[in-house]
Amino acid sequence: MAEPVMGNIPWEERPKGSTELVWRSARNPILTCSAVPGTRSVFNSAVAPFGDGFAGVFRCDNSAWMMNLHRGFSPDGVRWTLDPQPITWICEDEEIARLEYRYDPRVVWMDDRYHITWCNGYHGPTIGVGYTFDFARFHQRENAFLPYNRNGVLFPRKIRGSYAMLSRPSDRGHTPFGDIFYSESPDLVHWGRHRFVMAPAPGWQSTKVGPGPAPLETDEGWLLLYHGVITQCNGFVYSMGAALLDRDEPWKVLSRTRSTLLTPREDYERSGDTPNVVFPCGLLHEGPTGRLAIYYGAADTVIGLAFAHLAEILDFVKRDGA
Ligand code: BMA
């Protein structure tokens, strides 16, 4: 399939008088559980240009609190129609295809298809890997790693001749730690050459860090939006920051933000199934204008959309960099 062309990227200008580098959509939350009957929350989801519009893979937790992935389509990236049925995966091995739970998908276009990664239950969380050409048939590969791991995020092209993935090794529960690692694969099945990328740092990212949407290649390096977590009296608080990774050796961090780019502030980010969470999983980039549209889960309940200019984010990552 040919590389999809970005149509009308969703966009709203920075509100008058605001100096924010990342600003929220006035239409937030753009997606709630009303999108899928029988679902109690829709959040942490990923989108990509598709046809004349956009397609996505969405995390939907049902009324039994079971976590699964649904596909969705949108003409404009804001108004979404989700399939009420979860995605069925075509997989050669029944053992791997067996549903325990699936959540927090990422989607990236590479070569000739859309690649999808997610947190896949297999005796604990690990990284599920699959692909689709058309958002009609979905194929599942082997899990990338042994449990326990979350936040598997593919780079959009091969590096040093290999497919490349970031991930965050974890535990079976809510993981009070977390560093980001880099791994390579010749075939998207066998993974190795693991390299350390980055650890927690003071303040908002002091408990754990994890990669967000697929890294975006720029002249200055890979721009990685990531989540950072601090432990407060009543639990974790999830915010978003950014890092710049070396283009040829992406485990080398050139710079990362000391401050947050987005941190829970609005009611729909502060209150929900898990209060105080902004969790970016989706990113659209319009090349000619440098506009960015960021999709993030809010309070593990709904989806928010935020906007930024690539050049401003790159400048900030370097200026605010640690
Ligand atoms: C992580 C994952 C995410 C969730 C976050 C905050 O461990 O479960 O899906 O958004 O915690 O609860």
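Across its full length, the protein carries three helices and 22 strands. Expected size for 322 residues packed as a compact globule is a radius of gyration near 20 Å; at 18 Å, the protein falls within 12% of this value. Dimensions of the protein, computed from the C-alpha atoms along their principal axes, are close to 55 × 45 × 45 Å. At a minimum sequence separation of 6, the contacts of the protein that also span at least 24 residues come to 53%. Total accessible area on the protein stands at roughly 13,100 Å², and carbon and sulfur atoms take up 52% of it. In the protein, which carries 32 positive and 37 negative side-chain charges, the distance between the mean positions of the two groups comes to 3 Å.

Taken together, the four bridges between strand β13 (residues 180-185) and strand β14 (residues 192-198) define a ladder with antiparallel strand orientation. Counterpart to E184 in the pairing with β14 is G192. Where β13 folds back onto β14 in an antiparallel hairpin, the turn is made up of six residues, including L188, whose phi is positive at roughly 65°.

Attention now goes to the site of the ligand. All residues adjacent to the ligand are N44, R59, Y103, D104, Y238, T274, V277, F279 and D300. At a separation of 2.9 Å, an oxygen atom of the ligand approaches a polar side-chain atom of N44. Within the side chain of Y238, an N or O atom sits 3.0 Å from an oxygen atom of the ligand. Here the ligand, which alone exposes 300 Å², has 88% of that area covered by the protein. Each residue belonging to the shell around the ligand can be placed in one class, and the counts come to four nonpolar, two polar and three charged.

Scanning the model with the defined rule gives 20 salt bridges in all. A salt bridge links R265 to E20, with the nearest nitrogen and oxygen atoms 2.7 Å apart. Here the residue R265 occupies a position in the loop between β19 (253-256) and α2 (267-270), and E20 occupies one in the segment before β1 (23-24), the gap between them amounting to 245 residues. R265 gets classed as partly exposed once you look at its relative accessible area, which sits at 41%. Judged by its relative accessible area of 27%, E20 is partly exposed. Through salt bridges that share partners, E20, R24, R265, E266 and E269 make up one connected network.

Of note, the amide linkage connecting N28 to P29 takes the cis form, showing an omega dihedral of -10°. For P29, the position within the fold is in the loop between β1 and β2 (39-50). Residue Y148 follows P147 across a cis peptide bond; omega there is 10°. By the secondary structure assignment, Y148 is in the loop between β10 (138-140) and β11 (149-154). Backbone geometry at F135 places phi at a positive 60°, although glycine is not the residue there. Among the structural elements, F135 can be located in the loop between β9 (125-132) and β10.

Judged by pairing direction, the sheet is mixed, and its five strands sit side by side in the order β6-β10-β9-β8-β7 without closing on themselves. With one partner strand each, in any of the chains shown, β6 (89-90) and β7 (102-110) form the two edges of the open sheet.

Here we come to the packing of aromatic side chains. Under the definition given, this model contains 22 aromatic pairs. Taking 5.9 Å as the distance between ring centres and 80° as the angle between the ring planes, the aromatic pair formed by F135 and F138 counts as edge-to-face. Relative to W251, the ring of Y182 lies with its centre 5.2 Å away and its plane at 50°, an arrangement referred to as tilted. With Y182 in strand β13 and W251 in the loop between β18 (235-245) and β19, the pair connects residues that are 69 residues apart, well separated along the chain. Each of the two residues, Y182 as well as W251, counts as buried. Each residue in the set F50, F73, W89, W109, Y114, W118, F135 and F138 is aromatic and connected to the rest through ring pairs, giving one cluster. A cation over a ring is seen here: R113 above Y131, with NZ or CZ 4.6 Å from the ring centre.

Here we take up the state of the cysteines. All told, the structure shown has zero disulfides when counted by the stated rule. Residue C60 stays outside any disulfide, its sulfur separated by 9.5 Å from that of C33, the closest cysteine. A relative accessible area of 2% means that C60 is categorised as buried.

With 25 residues, the main nonpolar core has V22, L223, L261 and I313 as its most contacted residues. Those elements that place two or more of their residues in this core are β17 (221-232), β18, β20 (278-286), β21 (291-298), β22 (302-309) and α3 (310-319). Ranked by the residues each element gives to this core, the list is headed by α3, at five residues. Apart from residues no more than four positions distant in its own chain, I313 is found in contact with L21, V22, L223, A242, L261, L292 and A308.

Our focus in this paragraph is the pairing of strand β3 (residues 53-62). Within a regular beta strand, the side chains point alternately toward one face of the sheet and then the other, so they alternate between its two faces. Along β3, nine of the 10 residues are buried, which leaves the element largely enclosed by surrounding structure. Bridge count for β2 against β3 is nine bridges, and the pairing is antiparallel. Bridge pairing links V42 to C60 in β3. Once β2 ends, the chain turns through two residues before running back antiparallel as β3, passing G51 with a positive phi of about 55°. Sheet analysis places β3 next to strand β4 (residues 67-74), joined by eight bridges and oriented antiparallel. If you follow F54 over to β4, its bridge partner there is S74. Here β3 hands over to β4 after four residues, with W65 in that stretch at a positive phi of 60°.

Reading guide: rules and limits
Every chain is numbered independently, its residues counted from 1 as its sequence is written. Confidence filtering applies because this is a predicted model: local features only for residues at pLDDT of at least 70, side-chain atom pairs given and counted only at 80 or more, and all residues used for totals across whole chains, interfaces and linings. With hydrogens and water set aside, each side-chain value is computed from the structure's full complement of heavy atoms. Helix and strand assignments come from DSSP, with helices taken as H or I runs of at least 4 residues and strands as E runs of at least 2, each series counted from the N terminus. When we talk radius of gyration, it's over C-alpha atoms, and the globule rule is simply 2.2 Å times the number of residues to the 0.38. When checking whether two residues touch, look at their non-hydrogen atoms; a contact exists if any pair is within 4.5 Å. Method for areas: the Shrake-Rupley scheme with a 1.4 Å probe, in which residue coverage is limited to the protein chains shown. By the counting rule applied here, Lys and Arg register as positive and Asp and Glu as negative, while His and the ends of each chain are not counted. Every charge is mapped onto a representative atom, which is NZ of Lys, CZ of Arg, CG of Asp or CD of Glu. Whether two strands pair depends on DSSP finding at least two bridges between them. By convention in this text, a residue qualifies as near a molecule or strand provided that one of its non-hydrogen atoms is within 4 Å of it. Throughout this description, a polar contact denotes any pair of N or O atoms lying within 3.5 Å of each other; where both atoms belong to protein, one of them has to be capable of donating a hydrogen while the other can accept it, and for residues adjacent in sequence the pair is counted only when both atoms sit in side chains. Put simply, Ala, Val, Leu, Ile, Met, Phe, Trp, Tyr, Cys and Pro go in the nonpolar bin, Asp, Glu, Lys and Arg in the charged bin, and everything else, Gly too, in the polar bin. What counts as a salt bridge is simple: a side-chain nitrogen of Lys or Arg found within 4 Å of a carboxyl oxygen of Asp or Glu. Whether a residue is buried, partly exposed or exposed follows from its accessible area with a 1.4 Å probe, protein chains only, as a fraction of its type maximum: under 20%, in between, or over 50%, in that order. Pairing of aromatic rings covers Phe, Tyr and Trp, the last counted by its six-membered ring, and requires centre-to-centre distances within 6.5 Å; plane angles under 30 degrees mean stacked, over 60 mean edge-to-face, and any other angle means tilted. Lysine NZ or arginine CZ positioned within 6 Å of the ring centre and within 35 degrees of the ring normal marks a charge as sitting over the ring. By disulfide we mean two sulfur atoms from cysteines, separated by a distance within 2.5 Å. Among buried residues, the Ala, Val, Leu, Ile, Met, Phe, Trp, Tyr and Cys ones that are joined through side-chain atoms within 4.5 Å form a nonpolar core.

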